[in-house]
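Structure at a glance
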Amino acid sequence: MKASLPHRLAVVLCATALILPSSAFAQQANTAAQSAPKKFELTVDSIMRGPELVGWPPSDVRWSQDSQRVYFRWKQASEPRLKEPDWYVVSRDGSGLRKLSEDEAKQVPPAGELSKDKKLTVFADEGDIWLYDHTRNERRQVTKTTDAESNPHFTFDQKRICFTRQNNLYVLPLDGGALVQMTDIRTGGAAPAAAGPAGFGGFGGGQRQGSALGSGEQQKGTESQEFLKKEERELLEAVRERAQQREEQEAKRKKRETRKPFNVPAGQSVGSLSLSPDEKYVIASVFEPGTGAKNTIVPNYVTESAYTEDIPSRNKVGDNQNRSRLAVISVETGEVKFVDHGQTIAAKAQSGAQSAATPDAQQQPPRREAQNQPKQNERPVQLLAPVWSEDGRNAALIARAADNKDRWVMLLDPATAKTKVLFHEHDDAWVGGPGTFTLGWLPDSSRVYFVSERDGFAHLYTVSPDGGEPKQLTSGKWEVTGVELAPDKSRFYLTTSEVSFGERHFYAMPFDGGERTKLTALPGSNQAEVSPDQSMLALIRSYSNKPPELYLAPNKAGATEAETKQITTSPTPEFFSYNWIDPPIVKFKARDGAEVPARLYKPKNFQKGGPAVLFVHGAGYLQNVHKWWSSYYREYMFHHLLVERGFVVMDVDYRASAGYGRDWRTGIYRHMGGKDLTDQVDAVKYLVSEHGVDPKRVGLYGGSYGGFITLMAMFTEPDVFAAGAALRPVTDWAHYNHPYTSNILNTPQADADAYRQSSPIYFAGGLKGALLICHGMVDTNVHFQDTVRLVQRLIELRKENWELAVYPVEDHGFERASSWADEYKRILKLFTEHLGAAAPSAAAPKQAGRKK
């Protein structure tokens with residue numbers, strides 16, 4: 001039911017009162033009482049103000065450890081675009097909302113690792129290690145060095161903290177004891193220099209990190225060099241004395257340093273160091289860049305220097321990619337063993353896991369075996385850092401094949417660096433879906449939990465470290481999109497879509513599965529943070545026509561909407577003066593029988609034979625047909641403007657959109673611009689047959705993947721779409737990045753047909769209707785080069801019915817309101833001129849009514 005203007009104004013003023021001194025609030029209330037909020041004008045310029053109109057959403061929500069306060073970051077709509085959000089605090093009962101001072105903000109409970117007794121949190125800040133004392137609500141600095149420290153954790157016994165400094169792992173006791181270096185990792189491929197006597201000359205200590213200057217152990221030269229060295233030592237006493245001194249020092253060093261160094265070859269790097277619970281091993285990720293890979297460069301024309309500058313960017317799909325391996329380093333001896341995942345190319349071929357249509361794009365030429373290199377015939381597999389059980393006895397990890405078609409949950413034995421497969425998942429297309437990287441242990445260390453699409457939808461499973469069949473804890477035609485353990489580790493907390501594909505709610509569930517308890521009451525999307533005492537929820541919640549806000553609610557079954565308190569109001573009063581609709585969700589039948597969901601925006605007095613526009617969301621794997629505030633909120637408001645101009649607007653969750661299970665997700669395998677495009681064409685047929693749209697007056701638009709679909713539609717379905725606006729579009733998938741594209745199309749050199757049938761540049765000759773292309777020139781995601789190459793192709797084809805608008809300072813996601821406004825004025829002009837839209841009307845769009 002539509003709220004009255006005075007009521008909406010009162011809500012805004014009440015929220016404002018919580019963050020202003022009483023005198024300021026009184027003055028503002030006086031002013032507001034004398035004049036109503038400015039009425040919102042539905043224009044492109046007004047819509048494209050973005051956060052200046054709809055506000056900035058609360059973020060980074062965290063509870064105090066005593067569960068009495070909620071801290072979060074927030075920014076007012078009137079504040080500058082580049083200003084950092086401020087910290088705010090509110091009491092658990094919803095009272096006392098206020099902005100923190102700079103000094104108060106420094107004492108906000110940090111994001112980090114909480115000790116088992118819940119008294120301390122260890123975290124890194126600006127290159128140093130800190131501890132936050134939750135009993136005193138204050139933080140204490142642990143390190144203060146010029147070297148950057150990172151990745152701090154408590155040791156298993158909780159008496160010390162470990163952290164990374166200059167590619168090595170250190171342990172520091174909480175009681176102020178001595179700092180202990182747990183690894184001797186040396187990057188750059190060189191051995192360490194021997195420490196000479198003070199002031200003796202240039203080969204002293206300090207070259208431990210990849211020194212190229214020299215070594216205590218003399219490197220053996222050629223035969224002639226060794227002859228001269230021997231003669232010099234026998235002939236000159238000074239040389240002989242130095243050599244003897246060096247040898248004595250080297251012998252002492254070897255006796256003192258029993259730990260063998262891990263010399264990482266030049267060009268490789270180390271990261272993600274973690275200490276095993278028994279402190280016998282350090283697990284390290286070792287990264288090796290792809291040999292011969294070539295990175296692209298994005299020219300930046302508008303710079304402070306007034307010269308064109310280069311922005312380094314990514315390489316392209318199919319080029320040699322970085323490799324990562326896990327190394328197990330013995331703390332005592334320094335011995336290094338690389339984790340053996342047990343997957344070979346031969347075994348893969350024998351199992352038939354790779355069909356002829358999906359060749360092994362990642363297979364590399366045989367490599368010489370060495371300590372730091374993969375074995376010959378070893379299948380390229382990415383291993384993620386292990387997760388240790390609560391009792392410290394077992395480590396589980398996720399492994400993923402580089403060709404994207406297999407995923408494993410493995411158990412790691414650090415003593416041998418061997419692994420055991422607990423769960424294997426194969427997909428002839430590619431392994432993916434929500435929760436792909438979810439992994440953890442039940443509190444009693446009896447089972448590992450993970451998420452899999454093995455039954456077609458993302459659900460929660462557990463498996464024993466002894467192996468055996470995994471146990472499925474959730475099931476149904478819906479998805480688990482979030483998994484966490486309760487603060488007291490007594491149960492699971494899940495975020496799921498079981499109410500409907502278009503909503504997200506928070507549930508509690510026993511560890512053995514069974515009945516789930518729904519804990520959120522308001523429709524839409526609910527992202528929950530549970531209080532440490534588990535009595536309350538802090539929610540970031542939004543609805544179709546309501547931007548995200550912070551809410552507080554009791555953490556209990558059957559909580560009502562009335563018990564859920566809204567804390568923030570982010571949009572301006574002007575935003576609330578317009579009747580933003582709750583667009584109905586409809587379904588239409590695609591040619592293969594699939595039921596395709598869509599949002600429908602329709603003028604109240606739509607006349608048969610009117611025009612229509614389809615909006616195509618981006619990202620490929622993204623959902624936009626739902627009951628929460630869209631990330632495409634500018635487009636959502638722009639659709640209201642189109643409706644007032646007489647257009648029907650439809651926003652389709654085409655094949656490959658997120659939220660609908662494995663088959664929907666992989667519906668575009670080896671053919672982007674296949675089912676995802678025919679879903680758009682079938683949407684037009686639905687609009688014509690069910691809503692009376694003129695089939696000759698249909699356009700479409702979208703950005704990124706939506707821009708790609710727009711081009712494919714204009715080039716391959718020219719009789720269906722009379723006009724299209726392709727924003728920051730991919731024009732040739734062989735020029736996009738590797739992680740995303742190789743999932744869907746394999747690689748260009750291995751599956752050329754998939755790339756040719758999926759890339760618009762090969763179909764540009766089919767253009768008939770009016771095409772607008774818009775692209776930011778410093779786009780580091782979909783490069784401006786994509787559009788430049790297509791423009792050249794259109795010129796060579798002598799096509800004339802296209803226009804190009806460029807935005808010199810914009811990246812993939814526009815930031816400046818002026819750029820947004822310019823782009824959408826051009827889109828509106830395109831559709832108005834080429835689809836013959838009706839004149840602007842005051843008629844409200846057809847809707848189901850304003851909802852909570």
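No experiment lies behind these values; they were computed from the predicted model shown.

Conventions used here
- Residues numbered from 1 in each chain as written.
- Predicted model: local features only at pLDDT ≥ 70, side-chain atom pairs only at ≥ 80, totals over all residues.
- Heavy atoms only, no water.
- Pairing = 2+ DSSP bridges.
- Helix = DSSP H or I, 4+ residues; strand = E, 2+ residues; numbered from the N terminus.
- Axes fitted to C-alpha atoms, helices over the stretch in contact; angles between N-to-C directions.
- Buried < 20%, exposed > 50% of the residue type's maximum accessible area, 1.4 Å probe, protein only.
- Salt bridge = Lys/Arg side-chain N within 4 Å of Asp/Glu carboxyl O.
- Expected span 1.5 Å × (residues − 1).
- Contact = heavy atoms within 4.5 Å.
- Core = buried A, V, L, I, M, F, W, Y, C linked by side-chain atoms within 4.5 Å.
- Parallel < 35°, antiparallel > 145°, perpendicular 65-115°, else oblique.
- Patch = residues over 30% accessible without salt bridge, like charges linked within 9 Å, V, L, I, M, F, W, Y side chains within 5 Å.
- Areas by Shrake-Rupley, 256 points an atom, 1.4 Å probe, with all protein chains shown as cover.

Let's talk about the sheet that holds strand β16 (residues 281-288)
- With antiparallel pairing, four strands are arranged side by side in an open sheet as β15-β16-β19-β20. Edge positions in the sheet fall to β15 (269-275) and β20 (336-338), since each has one partner strand and no second. Averaged over all neighbouring strand pairs, the angle between strand axes comes to 30°, with direction disregarded.
- Here strand β19 (residues 323-330) runs beside β20; their pairing, made up of three bridges, is antiparallel.

Some details on the pairing of strand β35 (residues 536-543)
- Of all the eight residues making up β35, eight are buried; the element is thus mostly covered by neighbouring parts of the structure.
- Along β35, one buried face is formed by Met 536, Ala 538, Ile 540 and Ser 542 and the opposite face, lined by Leu 537, Leu 539, Arg 541 and Tyr 543, is buried too.
- Across six bridges, the pairing between strand β34 (residues 525-530) and β35 is antiparallel. When the bridges of β35 are listed, Ser 525 appears paired with Ser 542.
- Here β34 folds back onto β35 in antiparallel fashion, the turn holding five residues, of which Gln 534 has a positive phi close to 65°.
- Here seven bridges tie β35 to strand β36 (residues 546-554), and the two strands are oriented antiparallel to one another. Across the sheet, Leu 537 pairs through a bridge with Ala 553, a residue of β36.

Remarks on the pattern of salt bridges
- If you walk through the whole model with that rule in mind, you get 42 salt bridges.
- One salt bridge in this structure joins Arg 62 and Asp 60, with 2.6 Å as the shortest N-O distance.
- When its relative accessible area of 15% is taken as the criterion, Arg 62 is described as buried.
- Note on Asp 60: relative accessible area 36%, which makes it partly exposed.
- Ionic pairing is found between Arg 186 and Asp 184, a salt bridge with its closest N-O pair at 2.4 Å.

Section: helix α13 (residues 705-716)
- Given a rise of 1.5 Å per residue, 12 residues ought to cover 16 Å, and the 16 Å separating the end C-alpha atoms of α13 matches this to within 8%.
- The buried count for α13 comes to 11 of 12 residues, which makes it a mostly enclosed element.
- Among the residues making up α13, those that are buried are Tyr 705, Gly 706, Gly 707, Phe 708, Ile 709, Thr 710, Leu 711, Met 712, Ala 713, Met 714 and Phe 715.

Examining helix α17 (residues 817-835)
- Its 19 residues place the ends of α17 26 Å apart at the C-alpha level, agreeing with the 27 Å of an ideal helix rising 1.5 Å per residue.
- When we look at burial in α17, the residues that qualify are Ser 819, Trp 820, Ala 821, Glu 823, Tyr 824, Ile 827, Leu 828, Leu 830, Phe 831 and Leu 835.

What to know about the environment of His 639
- The topology assignment puts His 639 in helix α10 (residues 633-644).
- With 39 residues separating them along the chain, His 639 and Leu 600 place their C-alpha atoms 9.8 Å apart.
- Among residues more than four places away in sequence, those in contact with His 639 are Tyr 601, Phe 615, Val 649 and Tyr 701.

Details of the nonpolar core
- Met 650, Leu 687, Phe 715, Phe 721, Trp 733 and Leu 771 are the most contacted members of the largest nonpolar core, which has 62 residues in total.
- For Trp 733, the contacting residues outside a window of four places in its chain are Val 317, Met 672, Tyr 705, Phe 708, Tyr 740, Thr 741, Leu 745, Tyr 755, Ser 758 and Ser 759.
- Membership of the second largest hydrophobic core comes to 45 residues, among which are Phe 615, Ala 821, Ile 827 and Leu 828.

Re the sheet that holds strand β7 (residues 128-133)
- Pairing in this open sheet of four strands is antiparallel, and the strands run β5-β6-β7-β8 from one edge to the other. Unpaired on one side and paired on the other, β5 (113-114) and β8 (138-141) mark the two borders of the sheet.
- Here two bridges tie β5 to strand β6 (residues 120-125), and the two strands are oriented antiparallel to one another. Its bridge partner lying in β6, Glu 113 is registered against Val 122.

Quick word on the packing of helix α6 (residues 223-235) against helix α7 (residues 237-256)
- Two elements in contact, α6 and α7, have axes separated by 5 Å at closest approach and are oriented at 105°. Considering their axes alone, α6 and α7 lie roughly perpendicular with respect to each other. For the pair formed by α6 and α7, the contact residues are Glu 232, Arg 233, Glu 234 and Leu 235 on the first element and Glu 237, Val 239, Arg 240, Ala 243, Gln 244 and Glu 247 on the second.

Considering a nonpolar patch on the surface
- Together, Leu 235, Leu 236 and Val 239 give the surface a local cluster of nonpolar side chains, amounting to about 250 Å² of exposed area.
- For Val 239, the position within the fold is in helix α7.
- Judged by relative accessible area, which is 31%, Val 239 ranks as partly exposed.

From the geometry alone we can't say anything about function, so treat these as descriptive.
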